[in-house]
Amino acid sequence: MYEGAIQDLIDELGRLPGVGPKSAQRIAFHVLSADPADVNRLAGALRKVKDLVRFCTTCFNVAESEQCRICRDPRRTDEVICVVEEPKDVVAVERTGEFRGRYHVLGGAINPLEGIGPDNLRIRELMTRLSAGTIRELILATDPNTEGEATATYLALMVKPMGIAVTRLASGLPVGGDLEYADEITLGRAFEGRRAV
Ligand SMILES: [Zn+2]
């Protein structure tokens, strides 16, 4: 529709999740009229996230060094691991202030329709962590939808024979929803009311 650089920017923005053609156009023209310093900061932030951010070698949360901030924190307990699908879910659980253990980020959920099975997730790495013997509880905080429930059921079956308590977040979370959109009170209550599975 437009020529050259502005159309390239609209095309690139339009490939981002949640950005439709109209939003892409609006953002592109905002960038065009914005202060050069602001645009440079945005460009720098985009480059830095690719250069500096990697995944924690222990829990697969986002990190800027070998281990993430949570794995490095000596004040947290090693006895409880909370399993989530994505790094954004770590942020959601942290916001509740209810949890002082460690995390394990699976990198998604079991979804046969999209060809995602247990081998495509960080389940083997979780089993290695659990076999160390220090963990007494595993909290399954996968999303309250079909894929999240299937993943939680699968993990419960794998882990229970190891003699580790397995709990699932209590109801109160919207069914079919996404953990990251739950407000901190609902998610906090769900955490407190978690049940054995
Ligand atoms: Zn970590």
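Here, the structure is the one placed above.
Every value quoted in this text rests on a predicted model; they were computed, and no experiment measured them.

Asker: Got a minute to help me understand the overall build of the protein in this structure?
Answerer: When helices and strands are tallied, the protein shows eight helices and seven strands. For the C-alpha atoms alone, the extent of the protein along its principal axes is close to 65 × 35 × 35 Å. Of all 197 residues assigned to the protein, the portion counted as buried reaches 39%. Long-range pairs, those at least 24 residues apart, make up 56% of the contacts in the protein between residues at least 6 apart in sequence.

Asker: What's the story with the layout of surface pockets in this structure? I'm lost.
Answerer: One simple way to see leftover space: roll a probe sized like a water molecule over the atoms. Within this model, the largest pocket holds a volume of roughly 310 Å³. What lines the largest pocket is simply L9, E12, L13, R15, L16, I27, V31, V39, L42, A43 and L46. Residue assignment for the lining of the largest pocket shows that the elements contributing at least two residues are helix 1 (5-14), helix 2 (21-33) and helix 3 (36-52). At four residues, the largest contribution of residues to the lining of the largest pocket is made by helix 3. Residues belonging to the lining of the largest pocket are distributed by class as follows: nine nonpolar, no polar and two charged.

Asker: In this structure, what is going on with the pattern of salt bridges? I would like to understand it.
Answerer: Between side chains of opposite charge, a pair can form when the charged atoms approach closely. Here the structure, examined in full by the defined rule, presents 11 salt bridges. Between D178 and K88 there is a salt bridge, with the nearest N and O atoms lying 3.8 Å from each other. Residue D178 is located in the loop between strand 6 (165-168) and helix 8 (184-192), and its partner K88 is located in helix 5 (residues 87-96); the two are separated by 90 residues in the primary sequence. One salt bridge in this structure joins E149 and R168, with 3.1 Å as the shortest N-O distance. Here R168 lies in strand 6 and E149 lies in helix 7 (residues 146-159), a separation of 19 residues in the sequence. Judged by relative accessible area, which is 35%, E149 ranks as partly exposed.

Asker: Help me out: how do you make sense of the environment of G177 in this one?
Answerer: On the secondary structure map, G177 appears in the loop between strand 6 and helix 8. Along the sequence, G177 and Y2 sit 175 residues apart, while their C-alpha atoms lie 38 Å from each other. Excluding its chain neighbours within four sequence positions, the residues that come into contact with G177 are D143, P144 and N145.

Asker: Just to check I follow, could you spell out a nonpolar patch on the surface for this structure?
Answerer: Side chains of M1, Y2, F29 and L32 sit close together on the surface and give an oily, nonpolar patch of about 470 Å² of accessible area. Positionally, L32 belongs in helix 2.

Asker: How should I be thinking about helix 8 in this particular structure?
Answerer: For helix 8, every residue scored as buried is listed here: L187, G188, A190 and F191. Buried residues of helix 8, seen end-on, are gathered within an arc of 160° and therefore sit on one face of the element. Residues of helix 8 that are exposed and angled more than 90 degrees away from the buried face: I185, R189 and E192. For helix 8, the elements touching its buried residues are strand 3 (80-84), helix 5 and strand 5 (137-140).

Asker: Explain the side chain of R76 here, please?
Answerer: Tracing the sequence through the fold places R76 in the loop between helix 4 (69-72) and strand 3. The exposure class of R76 is buried, given its relative accessible area of 5%. Within the structure, R76 has its side chain in polar contact with the backbone oxygen of G101 (distance 2.7 Å). Discounting residues that sit within four places of it in the chain, R76 has contacts with I70, E94, F99, R100, G101, R102 and Y103.

The rules behind the values
Residues numbered from 1 in each chain as written. Predicted model: local features only at pLDDT ≥ 70, side-chain atom pairs only at ≥ 80, totals over all residues. Heavy atoms only, no water. Helix = DSSP H or I, 4+ residues; strand = E, 2+ residues; numbered from the N terminus. Buried < 20%, exposed > 50% of the residue type's maximum accessible area, 1.4 Å probe, protein only. Contact = heavy atoms within 4.5 Å. 1 Å grid on protein atoms, 1.4 Å probe; cavity = no way out; pocket = protein on both sides within 12 Å on 5 of 7 lines; lining within 4 Å. Points joined across faces, edges and corners; volume = space filled by probe spheres on them. Nonpolar A, V, L, I, M, F, W, Y, C, P; charged D, E, K, R; others polar. Salt bridge = Lys/Arg side-chain N within 4 Å of Asp/Glu carboxyl O. Patch = residues over 30% accessible without salt bridge, like charges linked within 9 Å, V, L, I, M, F, W, Y side chains within 5 Å. Areas by Shrake-Rupley, 256 points an atom, 1.4 Å probe, with all protein chains shown as cover. Arc of directions from axis to C-beta. Polar contact = N/O pair within 3.5 Å; in protein donor to acceptor, adjacent residues only side chain to side chain.

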